[in-house]
Structures are given as structure tokens and as C-alpha cells.
Amino acid sequence: MTDTPVSIASIIQVRQGGVRSVNVERDLQQTSVVEGYSLTVQARRSLERILDRLDNSTISRAWTLTGPYGSGKSYFGLFLMNLMAAGLPAHALAVEQLRETDPLLVQRTISTAHSTKTRGFLPVPVMGYRGSLQQCLAQGLRRALEPLSHHAAIADLLVSQAAWPPETESRVLVDWLRSLLSRIPSTGYRGILLVVDEMGKLLEHCSVHPDKSDIFLLQELAELANRSGETPLVMVGILHQGFDRYAGNLDSISQREWAKVQGRFEDIAFQEPPGQQMWLLANALEPVNREALQTIQPLLDRYAQEALLAGWRPSTLSEQLFVELCQRAYPFHPTALVALPYVFRKLAQNERSMFAYLTSLEPYGFQEYAETHALPSVAGLPDLFDYLVANFQGRLYGSARARSLTETLERLNGAQDLPSLAVDALKTIGTLNWLAEISHVQATEDNLLFALRRPECDDEAIRGALELLRSQSLIVFRRYNRTFAVWEGSDVDIDERLMEASKHVGGTFSIAAAIQQYLPPQPVVARRHSFRTDSMYK
């Protein structure tokens, strides 16, 4: 390696495919969207469930995808439409992507969509907004059908729809859609795939303006889909939370009615496991100077093997895949790679926020770190702590569950002249304490040694930093689970006081004698005998 420092930003860049947010209406014709899609395990499982219902002619053809912001639901909806609609520009690319990942599943998809005999499913993307449910659906259907207006049967439907009043009755829309289903085979399509993104905004409008938006339209659409027979209507609504959360301000009778509507849909909980998010993160980092990166490859290999031995591997990842991800995820230290999915889950966000961390210019974010650090620096848990405090401090102080982080920040602000290693150790302990309830990693001594160990910092120095923090009552060691924790109580060291007390009373205090003195034994009368015989003696 040359004497001139090589900045991380000059050797690593972020792939844009998994970063951007998508719009199901605007991006449907964009091939680049499918090119950048990462077909995850969750996506394949969701596709399998939808195909199962179509293949078996069951009554479940109305779905909701429910998951936190940024979990990839909209991206999956776009991929699903490209996969099922043979006429879309990215159809062949979507099929090939699925074939590379799961050849059996792609054959099922082609067979179910009849995409070799027909044009597959007509994609109808609808982007929800805070407005009338009827009007939003009518607009989406019209945009999807306009390219088919040269068919006489479709042209008639478009003409009749143009005469609808602004607030069309739900029954009119459902009857119109039923008529569309009967005519769609004449256009070469097998059925209709209706994807309603941001359906929560439509539900919010329904709850606030029940006189202008009819929630029962969703029930009627779901029932139409579930009974659609040989010309299927598949409806997929994308939500961030369940129906009942949107109906929280309604009276109990209305809430029960909303629950009935929700019951017409089969729900898919759409959230990637942490191991999958680690794969997405590593896949988003693209080396642009492999020669420079190769100079630190032995160090990256050592970090990966030590992470495996220290128990940082999530149970859902194989040992081989975990080591590979740790090696590919530079400049992230394995501890930061494992922690990042849990960090954004604790913040009630997901992959989009994780990728926003990679691409944004937020203080202490990835871009700033890459610009200000050089090989062989690695971003660890102290760097994640700095990012959280700089960008989410208000939210952290407003949440009781973030006390570990806020206590750590207060201890840092109150401490004076702490060495940099002790500061990093305190940040690492605070971060691990915060993640402990949802992750498999704890602030044990072995985990802390691995998290803080660097070529310029050995285990002896780290243990010295931990002892310094303990001597200043900034952290405590919990013997029952052998972990360190940020001290959240008073300045009294309970363990030390108990040890001191045991020295004073050791050898001179008898528990048995004290019990005899303060709780002398009382005579016990055999009352059962007296009850039976009216006598105290035999």
C-alpha cells in the first residue's frame, strides 16, 4: 500500500438499484427498476402463496402486503406485475431473474399466468392518495385500459366510465369491473392484476370522510376477486399497518365493520429477516478499486473469522454465507453489519432507511464516513452510535425504550478526560444494551473485545478501558448474565457494599440463631384428633 492515504469513498460506491423508492404507476414501464431488484426469500415466499391460491382455484385472490416503511413491498408489487404481464418491457428480464434464483418457481409462474399462450395478466397499478376510494380506483383502471381502447369492447367501457359522476357508487364500479372481466380475454389477457399501493392513505380518508369514501367497496372488490373463476381478478393492497390501526378513531360498531372488510383479504406479513437485510446491505456496496481493497483483504478475512468464532452470526445464515458477507461488506466492521438491520427495526423503519443511511449526506452517515476515513478504517458500533445521536436524538429522548442510548449520551457529556478507547467502549455498550431485546448479541466481554479490537488496539488495552469505566461508575457488570451495562442508577455500588457487609458479619452471624431469637418455634396442637374424639389425649 502506498504512503498516500486511500479514502474509502474512492474505492467503494453504493449501487443505486436497491436504494430508490418506487412508484407503481410511474415506474411500471421502466426496465431499470427490474434490473435493480433483489429477489429476496420473502419475495419468493409471497409469490409462492399467491400462485398457490391461483393454481388451486381457492377463494383467496385478494391480498394485503403489510410491513414497515421501506421493507420492499412496492418494489415487490412492481416485480409481480412485470412477472405476470407478458406485454411489459421488463417481463423477460423478470422471468430470467426468477429463473436464476428458483427455476421451479418460474415454471409455476409461467404456467399460472399462461404467459406463453396469452399476454398474461393485465397490470392495473393504482397509487393511493388521501381521496375518494372510488375515484382513485376509477382513475387507475382508466389509465391501465387506455392502451386497449382500440378494442371495441374496451372502448365501450371507457365511454361509460367517462359519464360517471365524481362520487360514483361502489355498486356501479363493481358491476363495471365485472363486465371488464368478461371482456378481458378478447384482448389476449388471461385476467387482471390490480395492485393498490399506499392503500393506507385511502383508508385514512375513509375513516375521516365516511360520507365521501365507501370502505365497503374494498369488501366488494375482494369478494369479486375471490369468486372470479377462470378469468381471475387478483387484488394486492399494500399497507404499512393493519386495517384496525386506520380505524382507531371510529366508534366500536364501525371498527367491527372494518374488521369484516379486512377479513375478506388474506394478509402477507412482508418483512425481511435481519440476515436477509445483511445480504441486501453487502450487495449494495460495490468496489470500484479492487486493487486497493485487495491490500487489506487479510485483515477483512481475519475480522470475518473472528466474528464467526465470537458468535455474531445470525441463526438464519450459514457459516459460509456469513463469512462471505463480512468480507464483502467493507467498510463495515462485522459488528456494524450485524447491528444495522436491528438499528432500523428499532426505529420502526427498514431497508429504505438503511439504504438512505448509505446514500444520504446526514451527519455521521455512510457518505461522510467514506469521505473522511481511509484504508484500513472500519465503521463500527461507535460510529453507529454517533449517527443515531446526531440524527435521531429527539426521537430517542421521546422513547422510553431508548433509555440505554440517552443514558450513554448523558454519561459521555458528564464524563471528563476519557481516553478515546474508553469513549468507544461506552458507546458500544450503550448500543448493544439498546439492541439486546431484539437481537442475539449482548454486551459480554468477548463481544466487546471483538467489537473494539483493531490492529492498533489489543485486548489488554480494551480491558483497561472497561476497568476505567467501571471505576468511574459509568458502567456495571451484571454477574447473572455476565454482561456490561451503562449505569442507570445512583452512584452507590451495590455489589461493593454487599461485599463489605459480608466481611463484617462473616463468621459471626448465624441465620439459624437469628431465627430462633426472633421467630421462636411455637407448639403445634394436633387438632384433628381433638375434633374427632373431643379429647386432647388418647
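Residues numbered from 1 in each chain as written. Predicted model: local features only at pLDDT ≥ 70, side-chain atom pairs only at ≥ 80, totals over all residues. Heavy atoms only, no water.

### Quick word on the environment of Arg44
Put simply, the rule reads: A run of H or I in DSSP counts as a helix once it spans at least four residues, and a run of E counts as a strand once it spans at least two, with each numbered from the N terminus. Contacts are residue-level and defined by heavy atoms, with any inter-residue pair within 4.5 Å sufficient.
Checked against the element boundaries, Arg44 lands in helix H2 (residues 41–55). Residues in contact with Arg44, not counting those within four places in the same chain, are Leu39, Thr101, Asp102 and Leu105.

### Examining the pattern of salt bridges
The line we're drawing: Salt bridge criterion: a side-chain nitrogen from Lys or Arg within 4 Å of a carboxyl oxygen from Asp or Glu. With a 1.4 Å probe rolled over the protein chains alone, any residue whose accessible area is under 20% of its type maximum counts as buried; one over 50% counts as exposed, and the rest are partly exposed.
The full count for this structure, using the stated rule, is 21 salt bridges. For Glu324, the salt bridge is made with Arg328, and the minimal N-O distance between the two is 3.5 Å. With Glu324 and Arg328 both in helix H16 (residues 319–328) and 4 residues apart, this pair spans about one turn of that helix. Overall, Glu324 belongs to the partly exposed group, its relative accessible area being 35%. Accessibility expressed as a relative area gives 31% for Arg328, which makes it partly exposed. In the salt-bridge network here, residues are joined through shared partners; they are Arg302, Glu306, Arg453 and Asp459.

### A few points about helix H17 (residues 334–346)
Rules: How far a helix is expected to stretch is found by multiplying one less than its residue total by 1.5 Å. The quantity called bend is, for any residue, the angle between two axes fitted respectively to the seven residues ending at it and the seven beginning at it.
Spanning 13 residues, H17 covers 19 Å between terminal C-alpha atoms, matching the ideal 18 Å at 1.5 Å per step. Its maximal kink placed at Leu340, H17 deviates by approximately 35 degrees, while the proline Pro341 follows within four residues.

### Here we look at the pairing of strand E2 (residues 62–66)
Filter applied, for reference: If DSSP finds at least two bridges between two strands, the strands pair.
The element E2 is largely enclosed, with a buried count of 5 among its 5 residues. What you see with E2 is no split at all: Ala62, Thr64 and Thr66 on one side and Trp63 and Leu65 on the other are buried throughout. Note: E2 against strand E6 (residues 266–269), 4 bridges, orientation parallel. For Trp63, the partnering residue across the bridge sits in E6 and is Glu266.

### Some points on the side chain of Ser60
Using the following cut-off: Polar contact criterion, stated in full: a pair of N or O atoms within 3.5 Å, where within protein one must be able to donate a hydrogen and the other to accept it, and residues adjacent in sequence count only if both atoms are side-chain atoms.
For Ser60, the location among the structural elements is in the loop between H2 and E2. You can call Ser60 buried: its relative accessible area is 19%. Within the local environment of Ser60, its side chain forms a polar contact with the side chain of Glu266, the two groups lying 3.0 Å apart. Dropping the residues within four chain positions of it, Ser60 is found in contact with Arg53, Asn226 and Glu266.

### A few points about the sheet that holds strand E4 (residues 191–197)
To keep it simple, the criterion reads: Convention adopted: a line fitted to C-alpha atoms gives each axis, helices being fitted over their contacting stretch, and angles between N-to-C directions are expressed from 0 to 180 degrees.
Read from one edge of the open sheet, 5 strands run E3-E4-E5-E2-E6, paired in parallel fashion. Among the strands making up the open sheet, the edge pair consists of strand E3 (121–127) and E6. In this sheet, adjacent strand axes meet at a mean angle of 20 degrees when their direction is disregarded. Of the strands in this sheet, E2, E4 and strand E5 (233–239) are in contact with helix H9 (residues 199–208), which crosses E5 at around 80 degrees. Relative to E5, helix H10 (residues 216–226) is tilted by about 140 degrees, and along the sheet it contacts E2 and E5.

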